[in-house]
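Here's the letter readout for the chains.
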Number of protein chains: 2
Amino acid sequence: MWEMTLTLENNGIPLYEQLYRHIAEEIRAGRLTQGTRLPSKRALTSHLRVSMSTVEGAYNLLISEGYILSRPKKGYFAQSVVMLKPPPERPAAPSAPDNAPAPVFDFSTSAVDKVLFPWRTWSRLFRETLRDTPRLLERGDSRGDAELRDTLTHFLYQFRGVRCKADNLLVGAGVDYLLYMLFCLFPKGVTVAAEDPGYDGAYRLKKRQGAHVEPIPVDAHGMDLNALSASGAQIAYVTPSHQFPLGLTMPVGRRTELLRWAEEEGHYIIEDDYDSEFRHESRPIASLQGLSGGDRVIYIGTFSRSLAPSMRIAYMALPDDLMNEWHKVFRQGGDSVSRFDQQTLNRFIVEGHYSRHLRRSGAAYSRRCQRLAALFSEIPGALITGDAAGLHFVLTLPSKTEKQLVSGARQAGIFLTGVSAYCHKAPAVPSSVVVGFAGLKDDQLKDAVRTLRAAWDV
Amino acid sequence: MWEMTLTLENNGIPLYEQLYRHIAEEIRAGRLTQGTRLPSKRALTSHLRVSMSTVEGAYNLLISEGYILSRPKKGYFAQSVVMLKPPPERPAAPSAPDNAPAPVFDFSTSAVDKVLFPWRTWSRLFRETLRDTPRLLERGDSRGDAELRDTLTHFLYQFRGVRCKADNLLVGAGVDYLLYMLFCLFPKGVTVAAEDPGYDGAYRLKKRQGAHVEPIPVDAHGMDLNALSASGAQIAYVTPSHQFPLGLTMPVGRRTELLRWAEEEGHYIIEDDYDSEFRHESRPIASLQGLSGGDRVIYIGTFSRSLAPSMRIAYMALPDDLMNEWHKVFRQGGDSVSRFDQQTLNRFIVEGHYSRHLRRSGAAYSRRCQRLAALFSEIPGALITGDAAGLHFVLTLPSKTEKQLVSGARQAGIFLTGVSAYCHKAPAVPSSVVVGFAGLKDDQLKDAVRTLRAAWDV
């Protein structure tokens, strides 16, 4: 015979829930065994001095979860439940946010200038977008909203020379997500040639998607084509506008040779145009994709550098054959960017705010790049490369080793990455560090360089 | 000798850009061959009657892209460029948005009630979030923002009995994205047992991630455990709160047996709790994850049903061992949901709006479910199942075949899905269609059922 030993408490948990939990636990623990009759609802109300609705609430829950069975005119009976080890206690205090303290001088390559972000405009446009809410609550096109894809198609043609139908453009929550989709379209175990030194994301394809990743050396014009041909790769992953991390621009000669490699062999090129919006010496140079017939190049871009890395909006233009594959694999799934964000971005571009923002931030970044490069150039022997475009350049100081540069900076509280961190098989470019400047404030530049010079003793 | 045949036009494209494009095209087309000297800048200004800055702009671009080489005191020379087939013309008119016209009566299972969405509150909270902008522009934790993960951890414990540390919770852009990450942590070619009939997403794992997917029959209590054991699967993908599409709730007895399968064999269970927020007969029943020690169950939930499918916010609680794997593979990548959206959602939950919204919409959906079920029950022989929870139920009309039900509805302009659409090896539940009601308006219910009865002649 089972005995109810429950004491109801006034602890914020509803009484029916306390009663339910107690009986469920008794059954799970095996104290209330299969077939045992439970007290009638009426008996329980008077025993516990609770209302009938409390007992009914608990019993209904127990029935719906299968803990007890109701037999008309006979009563309520415990059901069989396999015993399990007891679950752990609820998690104690929530973990504190483990954000590291912000560095004094932010030389990272993923930062953006927070002051430049046009948040008043963005906020207004988001409010306007929300007025369109009923429609935007519906599930969207799995490629991304048609309006945004149309707008991007035109924008990319105008600013980057990309030739792509809106039907072949995908909007996704970041470059990694787009790469995930892309590599579901290739055979498993495909070989990808990645620039060495080069972007981590290309190398991550190995662990995440089982691709073979072959590091290919980079010379002053970009990926070495002899090494590429010898590698047996079917796909070349390149950053021609501003090679990451060396910052070089692939000249048109190498571009056309690379395209010929892809066209003659039926291979693909992934053009990652991650920070092409910013070019400090002339207008952004045209994309590799636009130079080609468009059927061998996958073009990838992002708003992480031109707006903010926290936005999580990127895009990818696919050749027709891959787009057909995509429809087979992904058409039935959801898209990955909130439609409110997509529509706000669409307004932002259509109304001209994005062009204005690019001009304004581009000018600010160019000035900062030149001033910072000039300050570093005052160090005897210092060499600046890769500063014609983008939001970082490479600083080489032949009098020091890379290790001395990085650890010296670290001791002064400054986080700098050496080029070797991006090298795989390639020998490191000696004495070189990657200098991101988007996250620096203009009035910090002198202090930052002075601090580094003191740390390096140069 | 090469001759300049350019006519500059007043067509909105800057003159230097027209000049640059013309010369680049001449080089690409092979009319201006390697080593050919170009006109001096001065000669070109007078020939074309343009300013020096126009010519300099064009020449600088050509140099930076590698089309021409500048030799001091000698002039400008065309470089070698491999000839390519000419790129296609720019895409013509943008493709029109291919949204199908909205159905009169929306019986789909992915709809939500658009009137219920608290867009005034959401809009206000988003504005407040934007004030926090500088911080939120920075790249976030790749698991999702710590504040939101803390809040969700508490919410999930309170409402679903999920026991999970914030450190083990991932926020991602939809269930498909979370499943992508999850299956990167398992060995390639792992076998997944999926409910049959069951959710498409489980079956998509085959094409997308190379998993073997074994359909396992579903009985009145959920996945058949004998078939599961016999299948050799290492992972069981289940929807215990409201089986999709049959709508049944897995009773606690089957739950504990399923957990024992996982614990004894070291297997995993994926608990997809996609619409567990809505239960029409009692409060939402506790999760399978909470019943377990927490180390065999992967818990997945989404805001697609409880807020809107266009939001693209879902979450996944991982056991410790998988979380450790996740750090190796994904820690270096970006997260997939805008931090503005994450923080707005966090405010929405913390300030109590989400609980209120769930109560309000839950009550509205319960009423609608009951009214619609009652209307269908008036059809002679009609049977309603799976209506205790969620946003859809199954209607069975033994006097008709499923095909008659689906095509009859289609002829009346109503899109209904038969249960067989979700069947793989399992024999279809005869004469049954899936009825989603979240997208219907309350004043449409009578008309909708009347229209269907006329179409079916019942």
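Calculation notes
- Residues numbered from 1 in each chain as written.
- Chains lettered and ligands numbered in written order.
- Predicted model: local features only at pLDDT ≥ 70, side-chain atom pairs only at ≥ 80, totals over all residues.
- Heavy atoms only, no water.
- Helix = DSSP H or I, 4+ residues; strand = E, 2+ residues; numbered from the N terminus.
- Rg over C-alpha atoms; globule rule 2.2 N^0.38 Å.
- Contact = heavy atoms within 4.5 Å.
- Areas by Shrake-Rupley, 256 points an atom, 1.4 Å probe, with all protein chains shown as cover.
- Pairing = 2+ DSSP bridges.
- Axes fitted to C-alpha atoms, helices over the stretch in contact; angles between N-to-C directions.
- Least-squares fit on C-alpha atoms with pLDDT ≥ 70 in both.
- Buried area = accessible area lost by both parts, 1.4 Å probe.
- Salt bridge = Lys/Arg side-chain N within 4 Å of Asp/Glu carboxyl O.
- Polar contact = N/O pair within 3.5 Å; in protein donor to acceptor, adjacent residues only side chain to side chain.
- Disulfide = S-S within 2.5 Å.
- Buried < 20%, exposed > 50% of the residue type's maximum accessible area, 1.4 Å probe, protein only.
- Expected span 1.5 Å × (residues − 1).
- Domains from an automatic or database assignment.
- Core = buried A, V, L, I, M, F, W, Y, C linked by side-chain atoms within 4.5 Å.
- pLDDT = per-residue confidence, 0-100.
- Parallel < 35°, antiparallel > 145°, perpendicular 65-115°, else oblique.
- Nonpolar A, V, L, I, M, F, W, Y, C, P; charged D, E, K, R; others polar.
- Phe/Tyr/Trp six-rings, centres within 6.5 Å; stacked < 30°, edge-to-face > 60°.

(A) Seen up close, the overall build of chain A. Helix and strand content of chain A: 16 helices and 14 strands. A compact globule built from 458 residues should have a C-alpha radius of gyration of about 23 Å, whereas chain A, at 30 Å, is more than 25% larger. Seen through its C-alpha atoms, chain A measures out along the principal axes to roughly 90 × 55 × 50 Å. Considering only residue pairs separated by 6 or more positions, chain A has 71% of its internal contacts joining residues 24 or more positions apart. Accessible surface, chain A as shown: approximately 18,400 Å² in total, 51% of it carbon and sulfur.

(B) Seen up close, the sheet that holds strand β8 (residues 268-272) of chain B. All names here are of chain B. In spatial order, the strands read β3-β10-β9-β8-β7-β4-β5-β6; together these eight strands make up an open sheet with mixed pairing. The sheet is open, and its two borders are formed by β3 (169-172) and β6 (222-223), each paired with just one other strand. As judged from the four bridges shared by strand β7 (residues 235-238) and β8, these two strands associate in the parallel manner. Residue Ala236 lies in a different strand from β8, and its bridge partner there is Ile269. Relative to the sheet, helix α8 (residues 200-209) contacts β4 (191-196), β5 (212-219) and β7, its axis offset from that of β5 by approximately 165°.

(C) Up close: the relation of the copies chain A and chain B. Once turned by 180° and shifted 0.1 Å along the axis, chain A lies on chain B with an RMSD of 0.1 Å. The transformation just described matches what one would write down for a two-fold rotation axis. Most of the interface of chain A is mirrored in chain B, where 100% of its interface residues again form contacts.

(D) Broad picture of the interface of chain A and chain B. Contacts between the two partners involve 99 residues from chain A and, on the opposite side, 99 residues from chain B. Taken over both partners, the interface formed by chain A and chain B buries close to 8,800 Å², and the fraction arising from carbon and sulfur atoms is 60%. Our count for the chain A to chain B interface comes out at four salt bridges. Residues A:Lys114 and B:Glu138 are paired through a salt bridge, measuring 2.3 Å at the closest nitrogen-oxygen approach. Along the contact surface separating chain A from chain B lie 14 residue pairs in polar contact (both at pLDDT 80 or more).

(E) A look at the state of the cysteines. If you walk through the whole model with that rule in mind, you get zero disulfides over all chains. A:Cys184 takes part in no disulfide bond, and the closest cysteine sulfur to it belongs to B:Cys184, at a distance of 8.4 Å.

(F) Representation of helix α8 (residues 200-209) of chain A in the model. When you tally the buried positions in α8(A), you get seven out of ten residues, the bulk of the element. All buried positions along α8(A) are accounted for by A:Gly201, A:Ala202, A:Tyr203, A:Arg204, A:Leu205, A:Arg208 and A:Gln209. Those residues of α8(A) that are buried lie in contact with α7 (175-185), β4 (191-196), β5 (212-219) and β7 (235-238) of chain A together with α7 (175-185) and α12 (320-330) of chain B.

(G) Spatial organisation of helix α3 (residues 52-64) of chain A. Residue and element names in this part refer to chain A. Taking 1.5 Å of rise per residue, the 13 residues of α3 would be expected to cover 18 Å, and the 18 Å separating its terminal C-alpha atoms lies within 8% of that figure. Turning to α3, its buried residues are Thr54, Val55, Gly57, Ala58, Tyr59, Leu61, Leu62 and Ser64. Tucked inside the fold, the buried residues of α3 contact α1 (15-28), α2 (41-48), β1 (68-71) and β2 (75-78). Downstream of α3 by one or two residues, Gly66 has phi in the positive range, about 85°.

(H) Geometry of the domain arrangement of chain A. Examined at the domain level, chain A breaks down into domain 1 (15-78), domain 2 (119-354) and domain 3 (358-456). Placing the centre of domain 1 of chain A and that of domain 3 of chain A at their C-alpha centroids yields a distance of 70 Å.

(I) The arrangement of the nonpolar core in detail. The biggest cluster of nonpolar side chains holds 130 residues, and the ones touching the most others in it are A:Phe107, A:Leu372, A:Phe376, B:Phe107, B:Leu372 and B:Phe376. Ignoring any residue separated from it by four or fewer positions in sequence, one finds A:Leu372 in contact with A:Phe107, A:Phe393, A:Val435, A:Phe437, A:Leu440, A:Leu445 and A:Val449. Counting residues in hydrophobic clusters, the runner-up holds 68 residues, among them A:Ala194, A:Leu318, B:Leu178 and B:Ala202.

(J) Seen up close, the confidence of the model for chain A. All names here are of chain A. Across chain A, pLDDT averages 89, with 94% of residues at or above 70. Predicted confidence is poor over residues 92-98, with pLDDT under 50, and the contacts of this stretch with residues over four places away or in other chains come to nine contacts. Complex prediction metrics read pTM 0.85 and ipTM 0.83.

(K) Spotlight on the packing of helix α13 (residues 339-350) of chain A against helix α14 (residues 353-377) of chain A. Residues and elements named next belong to chain A. At their nearest, the axes of α13 and α14 sit 4 Å apart, and the two run at 70° to each other. In terms of orientation, α13 lies roughly perpendicular with respect to α14. Residue-level contacts link Arg347, Phe348 and Ile349 of α13 to His353, Tyr354 and His357 of α14. Grouping the constituent residues of the contact of α13 with α14 by class yields three nonpolar, two polar and one charged.

(L) Geometry of the side chain of B:Thr191. Counting through the fold element by element, B:Thr191 comes out in strand β4. For B:Thr191, the contacting residues outside a window of four places in its chain are B:His212, B:Glu214, B:Ser231, B:Gly232, B:Ala233, B:Gln234 and B:Ile235.

(M) Main features of the sheet that holds strand β12 (residues 392-396) of chain B. Residue and element names in this part refer to chain B. The antiparallel open sheet is built from four strands, whose spatial order is β11-β12-β14-β13. Edge positions in the open sheet fall to β11 (383-385) and β13 (417-418), since each of these has one partner strand only. Relative to β12, β11 is paired through three bridges, and the arrangement is antiparallel. The residue of β12 that forms the bridge with Ile384 is Leu395. Packing of helix α14 (residues 353-377) onto the sheet brings it into contact with β11, β12 and β14 (432-436), and relative to β12 it is tilted by some 5°.

(N) Representation of the packing of aromatic side chains. Residue and element names in this part refer to chain A. On inspection of all chains with the given rule, the structure shows 47 aromatic pairs over all chains. Seen in terms of ring centroids, Phe117 and Trp122 are 6.1 Å apart; in terms of plane orientation they differ by 50°. Their pairing is tilted. Of the residues examined, Phe117 reaches a relative accessible area of 3% and is grouped as buried. Residue classification places Trp122 among the buried positions, given a relative accessible area of 1%.

(O) Spatial organisation of the pairing of β1(A). Residue and element names in this part refer to chain A. For β1 and β2, the ladder comprises four bridges, and the chain directions are antiparallel. Considered in β2, the bridge of Arg71 is made with Gly75. The hairpin formed by β1 and β2 contains three residues between the paired strands, and Lys73 there has a positive phi angle of roughly 65°.

(P) Structural context of the pattern of salt bridges. A full pass over the atoms with the stated rule returns 48 salt bridges over all chains. The salt bridge partner of A:Asp335 is B:Arg312, with a shortest N-O separation of 3.5 Å. Here A:Asp335, found in the loop between α12 (320-330) and α13, pairs with B:Arg312, found in the loop between β9 (297-302) and β10 (314-317), and the two come from separate chains. Of the two residues, A:Asp335 and B:Arg312, neither departs from the other in class, the shared state being buried. We note a salt bridge from B:Asp141 to B:Arg149, for which the minimum N-O separation is 3.3 Å. With a relative accessible area of 14%, B:Asp141 lands in the buried category. Sharing partners across several salt bridges, the network here consists of A:Asp141, A:Arg143, A:Arg149, A:Asp167 and A:Arg331.

(Q) Here's a closer look at the environment of A:Pro118. Residue and element names in this part refer to chain A. Counting through the fold element by element, Pro118 comes out in the loop between β2 and α4 (119-131). Separated by 187 residues in the primary sequence, Pro118 and Arg305 place their C-alpha atoms 14 Å from one another. Among residues more than four places away in sequence, those in contact with Pro118 are Phe348 and His357.

(R) Quick look at the environment of A:Glu65. All names here are of chain A. Relative to the assigned elements, Glu65 resides in the loop between α3 and β1. Take Glu65: its relative accessible area is 5%, and that puts it in the buried class. As a C-alpha pair, Glu65 and Leu259 span 194 residues in sequence and 62 Å in three-dimensional space.

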